[in-house]
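Close look at the chain arrangement
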Amino acid sequence: MVKVSLVLCFVVLVAFGFVVHGSVATEEVGVYELKKGDFSVKLTNWGATVISVILPDKNGKLADVVLGFDSVNDYKNDSAYFGAIVGRVANRIGGAQFTLNGTHYKLVANEGKNMLHGGTKGFSDVAWKVKKYKKDGPAPHIVFAYYSFDGEEGFPGSLYVTVGYTLFGDKQLRVTMKAKALNKATPVNLAQHTYWNLGGHNSGNILSEEIQIFASHYTLVDSSLIPTGKIASVKGTPYNFLKPHTVGSRINKLPHGYDINYVLDGGAGKKLKKVAVVHDKKSGRVMELLTNQPGVQFYTANYVKDVKGKGGYMYEAHAALCLETQAFPDSVNQPQLSFNYCDSRTNLQASYGV
């Protein structure tokens, strides 16, 4: 069978510095395209968001393989984080609070008593500045920037963030996320939240897509999806994707579907490691994901319901899957779990690739 392979790479740099930048909150919102042959990606600076990824199938037929909307304005009212960069801290913080260097910080809760993906107005809900843009050529790219002020959503310190998207090689997309603390230590956990359906955004559910995740363990969670602090083996559970299985092969053993953080084999580091492989046999499309982060959240769009997407197509539960490379959820409150802090001791690199 002919296969069309997509490679996506995410790189995150976290560093400390004292640089003054102006706010980019009033930036004009637009749409930008990167194109390399029959591979193209459209983005908007609202949330530094991926709004389309166009790829051929095994027969050369093009399709958009990510969920999203026709209008940029729809992203401003989106509660599912379609394609966005989420932060300052992605995933969940229990009780919407944490203590750092002896100071207790109370955050903005937006999922019950907890914080999810940076609060009510996280990085997915702001306009980013376009710093660089080259539509085509050997390495089409765009760089978005955002200045997060001290106290935004309750987080300490000012933070300057950039996110770059680059097409390179044969159908490879690299996403480079950088954060620099400007005056105080602060937690940082940036993640990319694209919803993937390799059959095409309007092809139905992803239950027949085959996935392999290179993780022998996962973080146990409570009823609010906050980690308990314990790490469990995937063996004998529906979470075991060490060998390829279809997404739907054991999903009925879970209450709603997959929404869990995997502890990736090999841990965190400077070098990229393979995280997952997704294969849609009907279209022949294959996606490979690489990262140097310690975890990846596997989410099967469990709570998407009657969402009017591109071309008027209605998205429902399990219409796509997300693979969000990250530090572990709530690890800011649990020292036994790893986390990224932006301070004078930190110079970390994280990468994500499909």
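Residues numbered from 1 in each chain as written. Predicted model: local features only at pLDDT ≥ 70, side-chain atom pairs only at ≥ 80, totals over all residues. Heavy atoms only, no water.

Going by an unreviewed UniProt entry, the chain carries the name Aldose 1-epimerase and comes from Melia azedarach.

1. Side note on the nonpolar core
In terms of nonpolar packing, the biggest core is built from 59 residues, with Trp128, Tyr165, Tyr262, Phe298 and Leu323 touching the most fellow members. Excluding residues within four positions of it along the chain, Tyr262 makes contact with Ile213, Ala215, His217, Tyr218, Val234, Tyr239, Phe241, Pro294, Gly295, Val296, Phe298 and Phe328. Judged by nonpolar contacts, the second largest core, of 17 residues, contains Ile51, Tyr315, Ala320 and Cys322. (Core = buried A, V, L, I, M, F, W, Y, C linked by side-chain atoms within 4.5 Å. Buried < 20%, exposed > 50% of the residue type's maximum accessible area, 1.4 Å probe, protein only. Contact = heavy atoms within 4.5 Å.)

2. A few points about the pattern of salt bridges
Proximity of charged atoms lets side chains of opposite charge pair with each other. A complete count under the given rule lists 10 salt bridges for this structure. Of the charged contacts, one joins Lys135 and Glu33 as a salt bridge, the two residues approaching to 3.6 Å between their closest N and O atoms. With Lys135 in the loop between strand 11 (129–134) and strand 12 (141–148) and Glu33 in strand 2 (residues 31–36), this pair connects stretches of sequence that are 102 residues apart. Measuring nitrogen to oxygen at the nearest pair gives 3.1 Å for the salt bridge that ties Asp38 to Lys171. In this pair, Asp38 is assigned in the loop between strand 2 and strand 3 (39–44) and Lys171 in the loop between strand 13 (159–168) and strand 14 (172–181), connecting sequence segments 133 residues apart. The partly exposed category is assigned to Asp38, whose relative accessible area is 36%. (Salt bridge = Lys/Arg side-chain N within 4 Å of Asp/Glu carboxyl O. Helix = DSSP H or I, 4+ residues; strand = E, 2+ residues; numbered from the N terminus.)

3. Remarks on the side chain of Glu152
Within the secondary structure, Glu152 is located in the loop between strand 12 and strand 13. Buried charged residue Glu152 carries no salt bridge. Nearest counter-charge: Arg88, at 4.7 Å. Among the polar contacts made by the side chain of Glu152, one reaches the side chain of Ser148 at a distance of 2.4 Å. Filtering out sequence-adjacent residues up to four positions away, Glu152 remains in contact with Lys121, Phe123, Val126 and Tyr146. (Lys, Arg positive; Asp, Glu negative; His and termini not counted. Polar contact = N/O pair within 3.5 Å; in protein donor to acceptor, adjacent residues only side chain to side chain.)

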